[in-house]
Amino acid sequence: MNAATQSVIETLGLVKDFGRTRALDGLDLSVAAGEIHGFLGPNGAGKSTTLRVLLGLIRPTSGTARVFGLDPWADPVATHRDIAYVPGDVSLWPNLSGGEAIDLLTGLRGGADGTLRRELIEEFELDPRKKARTYSKGNRQKVALIAAFARPARLYLLDEPSAGLDPLMDAVFRRQIDRVSRDGATVLLSSHILSEVEQLCDRITIIRSGTAVETGTLGELRHLKRTHFRVTGLAEPARLAALPGTHGISIDGTAAEFDADAADLGAVLAGIAEPGISGLTVAPPSLESLFLRHYSDRNGSGVK
Amino acid sequence: MSGVVRLALFQARRDRVTLPVWILGITVLGFATSSAVATQFGDEAAQAAILTLAASNPAFLFLRGLPDGTGVGAVVFFQGYAFTAVLAALMSTFLVVRHTRTDEELGRAELLGSVPLPRAASVAAALLLGAAANLLLGGFVAAGFVAAGLPVPGAVWAGAAVGAVGVSFVGLAAVVAQVLPSGRSANGAAAALVGAAYLIRGIGDALGTPAADLLHVSSAWPSLLSPIGWGQRSRPFTSPDLFPLLVLSTAALVLGGAALLIRRRRDVGASLLPQGDGRERAGAGGTSFVGLAWRLQRSTLAGWCVGAAALGAVAGVLGPLVTETVSSVAPLKELISRLVPGGQAGLIDVFITALLGVAGVFAAAAGIQAVLRMRAEEAEGRSELLLAAPVSRARWLGANLFIAAASAALVCATAGAAAALGLGVSGTPTGAGGSLVPAALAHVPAALVFLAAAGLAFAAAPRLSIPLGWGMLAAGLVLGEFGELFGLPVWLQDLSPFRHSSAMPVEPFDPVGAWGLAVVAAALAGLAAYSIRRRDLTA
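Residues numbered from 1 in each chain as written. Chains lettered and ligands numbered in written order. Predicted model: local features only at pLDDT ≥ 70, side-chain atom pairs only at ≥ 80, totals over all residues.

### Notes on the overall build of chain A
Link 1 in the chain: A tally of helices and strands in chain A yields nine helices and 13 strands.
Link 2 in the chain: C-alpha atoms of chain A, sized along the principal axes, occupy 70 × 45 × 40 Å.
Link 3 in the chain: Taken across its 304 residues, chain A has 43% of its residues classed as buried. (Helix = DSSP H or I, 4+ residues; strand = E, 2+ residues; numbered from the N terminus. Buried ≥ 20, exposed ≤ 12 C-beta atoms within 10 Å, placed from the backbone.)

### Describing the overall build of chain B
Link 1 in the chain: Broken down by element type, chain B carries 22 helices and two strands.
Link 2 in the chain: Here chain B has a C-alpha radius of gyration of 24 Å; the compact-globule value for 539 residues is 24 Å, and the two agree.
Link 3 in the chain: Taking the principal axes of the C-alpha coordinates as reference, chain B spans close to 65 × 55 × 45 Å.
Link 4 in the chain: Considering chain B as a whole, with its 539 residues, one finds that 55% of them fall into the buried category.
Link 5 in the chain: Considering only contacts in chain B between residues 6 or more positions apart, those separated by 24 or more positions represent 79%. (Rg over C-alpha atoms; globule rule 2.2 N^0.38 Å. Contact = placed C-beta atoms within 7 Å.)

### Examining the nonpolar core
Link 1 in the chain: In this structure, A:Ile146, B:Ala174, B:Ala359, B:Ala408, B:Leu451 and B:Ala452 are the most contacted members of the largest nonpolar core, which totals 251 residues.
Link 2 in the chain: Membership of the second largest hydrophobic core comes to seven residues, among which are A:Val231, A:Ala256, A:Ala260 and A:Val268. (Core = buried A, V, L, I, M, F, W, Y, C linked by C-beta atoms within 7 Å.)

### Description of the confidence of the model for chain A
Link 1 in the chain: Of all residues in chain A, 91% attain a pLDDT of 70 or more, and the chain-wide mean is 87.
Link 2 in the chain: When the criterion is pLDDT under 50, residues 297–304 of chain A qualifies, and its contacts beyond four places in sequence or with other chains add up to seven contacts. (pLDDT = per-residue confidence, 0-100.)

### Quick notes on the domain arrangement of chain A
Link 1 in the chain: Here chain A is partitioned into domain 1 (7–221) and domain 2 (226–284).
Link 2 in the chain: Its C-alpha centre places domain 1 of chain A at a distance of 39 Å from the equivalent point of domain 2 of chain A. (Domains from an automatic or database assignment.)

### Remarks on the domain arrangement of chain B
Residues and elements named next belong to chain B.
Link 1 in the chain: Looking at the assigned domains, one finds that chain B contains domain 1 (1–269) and domain 2 (286–539).
Link 2 in the chain: Spacing between the C-alpha centres of domain 1 and domain 2 amounts to 25 Å.
Link 3 in the chain: Facing 21 residues of domain 1, the contacting portion of domain 2 comprises 22 residues.
Link 4 in the chain: Only helix H2 (18–40), helix H3 (44–55), helix H4 (58–63) and helix H10 (183–206) provide two or more residues apiece to the side of domain 1 that touches domain 2.
Link 5 in the chain: Sorting elements by how many residues they give to the side of domain 1 that touches domain 2 places H10 first, with six residues.

### What about the pairing of strand S2 (residues 21–32) of chain A?
All names here are of chain A.
Link 1 in the chain: The sheet contact formed by strand S1 (residues 7–18) and S2 spans nine bridges and is antiparallel. For Thr11, the partnering residue across the bridge sits in S2 and is Leu29.
Link 2 in the chain: With antiparallel pairing between neighbouring strands as the criterion, S1 and S2 make up a hairpin whose turn holds two residues, including Gly19 at a positive phi of roughly 60 degrees. (Pairing = 2+ DSSP bridges.)

### So, the interface of chain A and chain B
Link 1 in the chain: On the chain B side, the residues contacting the 33 residues of chain A number 28 residues.
Link 2 in the chain: Going through the elements one at a time, helix H2 (76–80), strand S5 (83–86) and helix H3 (98–108) of chain A are the ones with two or more residues in the side of chain A that touches chain B.
Link 3 in the chain: For the side of chain A that touches chain B, the element with the highest residue contribution is H3(A), accounting for seven residues.

### Quick look at the sheet that holds strand S7 (residues 186–191) of chain A
Strands pair in a sheet through their backbones, by hydrogen bonds, and they do so in one of two ways: parallel or antiparallel.
All names here are of chain A.
Link 1 in the chain: The sheet built from six strands is open, its strands ordered S5-S6-S7-S3-S8-S9 with mixed pairing. Each of the sheet's edge strands pairs with one partner strand only, and the pair in question is S5 and strand S9 (211–217). Adjacent strand axes in the sheet meet at a mean angle of 15 degrees when their direction is disregarded.
Link 2 in the chain: Strands strand S3 (36–40), strand S6 (155–159), S7 and strand S8 (203–208) of the sheet are contacted by helix H1 (residues 47–54), whose axis makes an angle of about 150 degrees with S6.
Link 3 in the chain: Those strands touched by helix H6 (residues 167–182) are S3, S6 and S7, and its axis lies near 150 degrees from that of S7. (Axes fitted to C-alpha atoms, helices over the stretch in contact; angles between N-to-C directions.)

### Thoughts on the sheet that holds S2(A)
Residue and element names in this part refer to chain A.
Link 1 in the chain: The antiparallel open sheet is built from three strands, whose spatial order is S2-S1-S4. The strands lining the two open edges of the sheet, one partner per strand, are S2 and strand S4 (62–67). For this sheet the average axis-to-axis angle between neighbouring strands, irrespective of direction, equals 15 degrees.
Link 2 in the chain: Contacts from H1 reach S1, S2 and S4, with the element oriented near 65 degrees to S2.

### Quick notes on unusual backbone geometry
Link 1 in the chain: Note that the residue after B:Met504, namely B:Pro505, is joined by a cis bond; omega there is 0 degrees.
Link 2 in the chain: You can see B:Pro505 is positioned in the loop between helix H21 (490–493) and helix H22 (511–532).
Link 3 in the chain: If you check the backbone angles, A:Phe68 has positive phi at about 55 degrees while not being a glycine.
Link 4 in the chain: Looking at where A:Phe68 falls in the secondary structure, it is placed in the loop between S4 and H2.

This is the structure:
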């Protein structure tokens, strides 16, 4: 096996129970070296639990997890040597400044790259002298991101890293992902925002109720990328069902709602057009609606 | 107003486990003390003997309070009041800070600030809840005394005295919460004020004047500076006096009013002592577990050291003074020469020994607090960030245990050094001066057992570690301090690590006890390091 196709992360049938709650239910996840892997799922699907298992912070009830070929529960120290981690909910020491927290976290991993540290603080516009008590959620997030990126790693585990960042800072974050990816690092990025994952990731795994329900490249998951249409004032709504690439049409009087494949958007738009139209709403594919439409029949509950 | 009441009820719901534990715990302690006194000092001769002994021993007066005549009730009040009052005060300060500054620091106050209620509503609600909790506490304590067979009027007065001390600390804590920026610092400062109140009362009582019959002692003026001293002046079982309780209630009203006024005038999250900026880079050692543990612990440790220094200074400066006062009373002088070998110099040693023993308790508490800091780190999600680094959990635990042990040693050494310094300043030739630091350090092994046990609790049962850690200290104190009074079997008393510390300088150093404690501590720490590897990180 050569380095390019070797798996950095490999889990098989991962199960994790917290009391009577099953957080992970036979999760299979495979992340190849050098790829940016999107880990997509609604709140409570088990994304953070998976990342904690991969770090050996919690022990799986059954199943196996391997990171760099190592068992993170049995040998956390060796596993962590090349990992940078940003938790979903960053909590810092209230009486330490942001700069001190960055130095502590990078120091435990062997020390920050001084230039990188300076550049990152500048780019993320962080005031490192402020005590963490006074930081907003976004600023705490920046501290964790700077600490993660200020020292090169082979694997970046990022749990909803851009939550709390404004669009400018989000752009800075994306540049950093590009940079470490160019350097050959592997990135596992969890998110519940489909568009974010689309823009950054090579491959995607979708998780729901602790199980991986889809995995593949963006192209392979094309069928998930459907745009939602709502059209009102149609003379004969039923005719829309004949348009290419439309799915799940529902009709209510003169109104119609349906999803359309990205490849057929041009044809759909042309097909909708008629003089009497009084309203048109087009919504980008949202993960929540995808889950509602594609997976609500599996497992019954679990979808809000 | 109804909004404030609803808020107070909501706070009470959050405290539905905590407050009953405090109230019932204090009640049980009061009940146990009264039953024990009734059995052990049932007749008047036995009561007179213990009171006379106390009146002749300033260490007794310092730790317990003032003898106030015979009668089971009076002896119970003398034996148990000061500790009960300290517990009521701590219950009150933690309650108020929890619902004011801590809520504000964690952003919950902001959410509440958006509802149509006055700005100071949560402070008012916390004051209300604090008053209600102390009313309930007073009632329960009184009921416990009655159940133990004490006269009803005296029991009610005694309950009122304990409740009044609690209420005064409700007001005090509300002000502290306006001054300091974080829940942790406000809790620390308020608890330090409780300690100061106990200490100042102790000084006043130790300097007190014994009556001719040696069954009563009246305190010196410093006791008037302490709410705990005021509560004691109500003299529930001998000649009940309402005035001290009125003083305490008025103080509570004034302090509570001041807190409300400050809160109405300040921004949410702001404090009278503002939060300054920190350093841009971590200092030397700021990138290691030991450095972090030290950084997190140092301000709390400074507080414990100030307490220990005050204790030591009291022992050194006041020891000679109070023993001189006592010895100048002719009948006492005779008693002392019979009881204490070495006469007045021996009495000073007894006083110093007792206070160094208290410093040993401080050391154990400082160590436990340092260890339990890890639980806060874990519960608040910060250990997740730390342990994602290539460092083992055992190292994290080890670094914290190390800092905890060093804290305990530092607290003891501070008390011993302050006592030696105090003796030097007061110019007393006892010969004990130079050896007081080692005498204080003799209490470190017991502290090590407590902090290692807290470490094991954290490693094995993280969610229970905080009640377990402090509960073990409370159990050790009760077994060590009250075990004899309660007539508990010796083997049970001997479970308390405090019982195996050498009470220097009165007793010689006991290497077997010290090494025994050290070995137990090491075994507990090893078990903790083994267990922590075997569990999930738990929020």
